Amino acid sequence: MNEGLMEKIVALCKRRGFIYPGSEIYGGITGFWDYGPLGVELKNNIKREWWKSMVYQRDDIVGLDAAIVMNPQVWKASGHLKAFTDLLVECKRCHLRLRADEKEELIVHERGHGFRHSGKPKAHPESENEQVDSGQARMTGDRMITDDIWTSPQKFNLLMEVRLGVIEERKESAYLRGEITQGVFVNFENVISSSRVKIPFGIVQIGKAFRNEITPGNFTYRSREFEQMELEFFIKPNDEEGNKWFEYWKDQRMQWYLSLGMRKEKLRFRKHEDNEKAHYARYAEDIEYDAPFGWSEFEGIHHRGDWDLSRHKLTYKDEETGEEFTPWAIETSGGVDRSALFFLLNAYHEDEKRVVLKLHPKLAPVKVAVFPLLANKLPLVKMAKTIYDNLRKEVEGLVAFDDRGNIGKRYYSQDEIGTPFCVTVDFQSLEDKTVTVRDRDTMRQERVKIEELYNFISQKLS
Ligand code: GAP
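Cut-offs applied
Residues numbered from 1 in each chain as written. Predicted model: local features only at pLDDT ≥ 70, side-chain atom pairs only at ≥ 80, totals over all residues. Heavy atoms only, no water. Near = heavy atom within 4 Å. Polar contact = N/O pair within 3.5 Å; in protein donor to acceptor, adjacent residues only side chain to side chain. Areas by Shrake-Rupley, 256 points an atom, 1.4 Å probe, with all protein chains shown as cover. Helix = DSSP H or I, 4+ residues; strand = E, 2+ residues; numbered from the N terminus. Pairing = 2+ DSSP bridges. Axes fitted to C-alpha atoms, helices over the stretch in contact; angles between N-to-C directions. Core = buried A, V, L, I, M, F, W, Y, C linked by side-chain atoms within 4.5 Å. Buried < 20%, exposed > 50% of the residue type's maximum accessible area, 1.4 Å probe, protein only. Contact = heavy atoms within 4.5 Å.

Q: Just to check I follow, could you spell out the site of the ligand for this structure?
A: Neighbouring the ligand are 23 residues; Glu179, Thr181, Glu230, Glu297 and Phe298 lie closest to it. In this structure, a nitrogen atom belonging to the ligand sits 2.8 Å away from a main-chain N or O atom of Ser223. Surface burial for the ligand is 94%, taken as the share of its 550 Å² of free accessible area covered by protein chains. At the level of secondary structure, the elements contributing two or more residues to the shell around the ligand comprise strand S11 (225-235), strand S14 (294-305) and strand S17 (328-335).

This is the structure in structure tokens:
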């Protein structure tokens, strides 16, 4: 099943309008992607479900939408100007640039293991041509050859610079945000004074972030422009609270993915070693997904302690006790693009007869498709159109109409994009005002009264 899965997903995304390469007609631009008519629905559905679970279904979290460009002082205070770096190495012979950890990966890669994707850096020509007899000899040989020809690792800042203003000489330098997080911290006082939050409480945000990634790749997995959905949950600064809330949010985030159909065996937690933690993190664990290119970071749960609030010189005053302190923040930081990619990979099924995206109905871009059995029988088309018009007004999400080809082809087409239900108007419908509703996963069909159709479908979508 996993054979060529990434290639299949990339091709399906392009063909069916989920994801296109950015600026494609001009040859593309590395690390930037555009979401098509179905992709934007999938992303919106992910974001809506996340927002519902974080804001609407709780009374201790509020939302925010901060600006992408902030005063550069923010990035100085937050430590990003100094520490938001990756280590870059460059091949002295062919000038291939990689992150230092990727160089190790490449060595393994060149030994002939692992998944190879077009988005990955190309194998180094020197070692690709190397002729070896046995796996062990090749391993040793490659390591010697490959290690020798790389520069020593250099720090490389990931913040993407922009220049503000119109007069060239007076333009001011600023940054596109490298994480959406800082917008929450700098508005900490504003939110407290304008709403009724009391510790423990959270502020969430969804929005774009930008990073000058050294090697974007694996389709949308590592992009230069991407969307994050984050929670900063503020708590009293002590270990008991810190441990309690860290474990609580780990569990909540894992449950959220499972509730939307992620397979349990595809997810795991991984604790960050001390040498890989971000500069702001006291402690960190990732939720990882078992992707075709290996276990990969999906979402980070970070214990940021008082790093940010103290750097921004912000405190909290308990109204009841008068006590003033710097709260700690527990952060959950997920990627919308990674969610879209991993939900697609998780949903992909194929057998001899069909390709089907078994997306959770809440995430499926098209909720229901309506077909007249035959396109050339006017009464069938008319009735199907009326049902289609009514459902469009009632169903939250896209409703499709299709009268092309035969019914089998239409089912195939809807299965491939994950439409949970297909409604067919046939000759019996004209007599008894019922339609067939076909379930994507079981392929079973039920007859449902037209007047009960909306309730029937909305129950299944919820
Ligand atoms: N505020 C904390 C923070 O930004 P992070 O681990 O650097 O933490 C959080 O990023 C999440 O953002 C990641 O788990 C991933 O889902 C997403 N993300 C980070 N870099 C990305 C990239 N280059 N392309 C796509 N998504 C990315």
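Q: Where do I start with the sheet that holds strand S5 (residues 85-90) in this structure?
A: Backbone hydrogen bonds are what pair the strands of a sheet, in a parallel or an antiparallel way. Pairing is antiparallel across the open sheet formed by three strands, whose spatial order is S6-S5-S7. Two strands bound the open sheet, and with one partner strand each, they are strand S6 (97-99) and strand S7 (154-157). Sheet twist, expressed as the mean angle between neighbouring strand axes with direction ignored, is 45°. The sheet contact formed by S5 and S6 spans three bridges and is antiparallel. Bridging across to S6, Val89 finds its partner in Leu98.

Q: Would you explain the nonpolar core in this entry?
A: One recurring pattern in soluble globular proteins is that nonpolar side chains are buried together. Membership of the largest hydrophobic core comes to 61 residues, with the highest contact counts inside it found for Ile9, Phe18 and Phe342. Considering each element in turn, this core owes the most residues, eight residues, to helix H12 (residues 336-347). If we skip the residues at most four places from it in the chain, Phe342 touches Tyr221, Met262, Tyr289, Ala291, Phe293, Ser296, Glu297 and Phe298. With 20 residues, the next largest nonpolar core counts Leu380, Leu391, Val435 and Val448 among its residues.

Everything listed here is a matter of geometry and, on its own, says nothing about what the molecule does.
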